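# Architecture at a glance
Residues per chain are reported as follows:
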Amino acid sequence: MSNNSKIQTINPATGKVISSYDIMSLDEIEHIAKNAQNAFENWKNKEILERCDYIRDLAKILSKNKNRYARIVTEEMGKPINQSIAEIEKCTLVCEYYSENAEAFLRDEIVPTEFRKSFISFEPLGVVAGIMPWNFPFWQVMRYAIPTLIAGNVVVLKHSSVCIGSALQIQEAFKESGFPEYVFQCITGDYKAGEALVLSDKIDAVSVTGSVNTGKRVAELASRGLKKCVLELGGSDPFVVLEDADLNQTAHLAAQSRLLNTGQSCIAAKRFIVVKDVAEKFSRLFVQNVEAEVIGDPLNSKTTVGPLVRDSQRQTLMNQVEDAKSKGGKILTGGRIIVGDGYFYEPTIVNDVNHKMEILNEEVFGPAAPIVVVDNEADAIWEANNSKFGLGASIWTSNFERGVRLAREIRSGVVRVNEMVRSDPRLPFGGIKSSGIGRELSQFGTREFVNVKSIVVKDISHKLLVE
């Protein structure tokens, strides 16, 4: 929540103000960008292994302070505390992964040619701005920042106004781990601050995780300076249940995949596409698993479903569910606001959905799950691909070869068979269609913000000797 000069962070479990922060002026933002540009000149010249040492030290700080960081995450955006702790632990993992692998990812590649030496060099671009969302306040930042920094770039972060406390803690963690000054900085402000950062001539590239509209706006601004963009813009992931799936396991993981982070995840399962032969049994088991979730205070370690991040987010979800009901959808469980403090909503399953309903056509960012019943495998794959999004997908079948074959037919950046969709530092992450452009993580993420430079050296010494 913001006014002309201040931003307040709100605890979504209580509706009470946590802290108030000053909005930076345009001059302050430009000053930060200039400092980053100056820091780049030194940081880019450090050996990769030296940059890896800084990242290892950061991993130690994250591990040491994980419980404190996790509490800040939970208080600012409502994530159940055990999930917040797991988020910080994953940030430690990504630091360790890149520390071990960056040298191999960024090593010169020799190309055989007729010349004395031909090779490809991966050189940093400069200052990379990050426009990051609130739903994974630490992980989203580390997922973009660690490979970006280890490639020799420097980072300026514009975090969501929901989680400014998290942003400042991340900045402090970099400082505590000994990073050179201005290599990692964050700015405080609303969307106007983010736009000013992207437009600055001190910024060389931009990474965005957020809504489709946010991604389009940032990409449009960045294009004015021909700046490289990586866009991760959400999804409506299909969860495809075939007739030979292990239904007990599948229904259990369906509930987890839909309700992780109270359903506020871009790679949460959002469309449950079930072959008719097992639809009734799956739906019954799915309802049982969803109803077994524990809703409540996110700081309680027993809680598995917390509040939504804002009241407006809850209202959007309620509107999507009510729209489905008005057009023939059947509520199997949930479907109501939980009265009291905070922005809670009952985990909800809706059956008999169709493409006239918002719940199937829009990204549903909250604990509501539509079930689509189809006749067969072919219809299931068609339905899975019938979306403007293409981030992740999961297929559930006991046949290994079938799973591999169908995974190739799904149009998305990530497909998992008999496993929840999740990001993994070892594998590239990103989407197609309206889910975005570019990749994060693995060697592909490391090379998004580099100049892929071809270098050719011709030996003329023999000619000079002859002359």
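Look above for the structure.
What this report covers is the structure whose coordinates are included nearby. Predicted model only: the values in this text are computed from it and were never measured. (Residues numbered from 1 in each chain as written. Predicted model: local features only at pLDDT ≥ 70, side-chain atom pairs only at ≥ 80, totals over all residues. Heavy atoms only, no water.)

Glancing now at the sheet that holds strand β20 (residues 450-457). Ordered by their spatial adjacency, 3 strands build an open sheet running β3-β4-β20, and the pairing between neighbours is antiparallel. On the outer flanks of this sheet lie β3 (109-110) and β20, each paired with one strand and no other. Where β3 meets strand β4 (residues 117-124), 2 bridges bridge the pair, whose relative direction is antiparallel. Opposite I110, over in β4, you have F119 as the bridge partner. (Pairing = 2+ DSSP bridges. Helix = DSSP H or I, 4+ residues; strand = E, 2+ residues; numbered from the N terminus.)

The phi angle at N261 is positive, at roughly 60°, despite the residue not being glycine. Here N261 shows up in the loop between α9 (247-259) and β11 (269-275). Positive phi values are uncommon outside glycine, yet S442 reaches one of about 55°. Among the secondary structure elements, S442 is positioned in helix α15 (residues 442-446). We classify S442 as buried; its relative accessible area is 3%. (Buried < 20%, exposed > 50% of the residue type's maximum accessible area, 1.4 Å probe, protein only.)

A few words on the sheet that holds strand β12 (residues 330-333). A sheet is described by the order of its strands in space; here 7 strands give the open sequence β12-β13-β14-β11-β10-β16-β17, paired in mixed fashion. Strands at the two margins of the open sheet, each flanked by one partner only, are β12 and β17 (414-417). Mean inter-strand twist for the sheet, computed between neighbouring axes without regard to direction, equals 25°. Sheet topology places strand β10 (residues 237-241) next to strand β16 (residues 392-396); 3 bridges connect them, and they run parallel. From the neighbouring strand, F239 faces β16, where its bridge partner is S394. Sitting on the sheet, helix α10 (residues 276-291) is in contact with β10, β11, β12, β13 (348-351) and β14 (368-374), with an inclination near 145° to β11. (Axes fitted to C-alpha atoms, helices over the stretch in contact; angles between N-to-C directions. Contact = heavy atoms within 4.5 Å.)

Burial along strand β7 (residues 184-187) is two-sided: the residues F184 and C186 and Q185 and I187 are all buried. Bridge count between strand β6 (residues 154-158) and β7: 4 bridges; the pairing is parallel. From the neighbouring strand, V156 faces β7, where its bridge partner is Q185. At this point the chain moves from β6, through helix α6 (residues 164-176), to the parallel β7, and the crossover so formed is right-handed. (Right-handed = clockwise from strand over helix to strand, strands pointing away.)

The next thing to look at is the pattern of salt bridges. One pass over the full model with this rule turns up 34 salt bridges. Here K276 ties to D375 by a salt bridge, and the two come within 3.7 Å at their closest N and O atoms. Of this pair, K276 sits in helix α10 while D375 is found in the loop between β14 and α13 (377-385), placing the two residues 99 residues apart along the sequence. Overall, K276 belongs to the partly exposed group, its relative accessible area being 47%. Classification of D375 by relative accessible area gives partly exposed; the value is 47%. The network of salt bridges with common partners includes E243, D244, E377, R402, R405 and E409. (Salt bridge = Lys/Arg side-chain N within 4 Å of Asp/Glu carboxyl O.)

Before going further, it helps to spend a moment on the state of the cysteines. Taken as a whole and judged by the stated rule, the model has 0 disulfides. Distance from the sulfur of C229, which forms no disulfide, to the nearest cysteine sulfur (C266) is 18 Å. Residue C266 stays outside any disulfide, its sulfur separated by 14 Å from that of C163, the closest cysteine. Take C266: its relative accessible area is 7%, and that puts it in the buried class. (Disulfide = S-S within 2.5 Å.)

Assignment of secondary structure puts R447 in the loop between α15 and β20. R447 gets classed as partly exposed once you look at its relative accessible area, which sits at 22%. For R447 and A151, which are 296 residues apart along the polypeptide, the C-alpha to C-alpha distance reads 7.7 Å. Among residues more than four places away in sequence, those in contact with R447 are F105, E109 and F122.

All right, on to the side chain of R143 then. Mapped onto the fold, R143 is located in helix α5 (residues 139-150). Overall, R143 belongs to the buried group, its relative accessible area being 2%. A polar contact of 2.8 Å, which involves the side chain of R143, links it to the side chain of E440. Residues within four places of R143 in sequence aside, it is in contact with T209, E232, S423, F429, E440 and L441. (Polar contact = N/O pair within 3.5 Å; in protein donor to acceptor, adjacent residues only side chain to side chain.)

Our next topic: the packing of aromatic side chains. Here the distance between the centres and the angle between the planes together describe a pair of aromatic rings. According to the stated counting rule, one finds 14 aromatic pairs in the structure shown. Consider the rings of F239 and F272, whose centres lie 5.1 Å apart with planes at 40°: the pair is tilted. Of this pair, F239 sits in strand β10 while F272 is found in strand β11, placing the two residues 33 residues apart along the sequence. A residue is classified by how much of its surface remains accessible, and F239, at 0% relative accessible area, is buried. Among the aromatic residues, ring-to-ring pairing joins W43, Y54, F174, F179 and F184 into one connected group. A cation sits over an aromatic face here: K79 above F136, 3.9 Å from the ring centre. (Phe/Tyr/Trp six-rings, centres within 6.5 Å; stacked < 30°, edge-to-face > 60°. Lys NZ or Arg CZ within 6 Å of the ring centre and 35° of its normal.)

With that settled, consider helix α2 (residues 48-64). For an α-helix the count is 3.6 residues per turn, leaving residues at separations of three or four pointing the same way. For α2, spanning 17 residues, the distance from its first C-alpha to its last is 25 Å, which sits close to the expected 24 Å at 1.5 Å a residue. Buried within α2 are the following residues: I48, R51, C52, Y54, I55, L58, A59, I61 and L62. Against α1 (26-43), α3 (66-77), α4 (81-106), α5 and α6 lie the buried residues of α2. (Expected span 1.5 Å × (residues − 1).)

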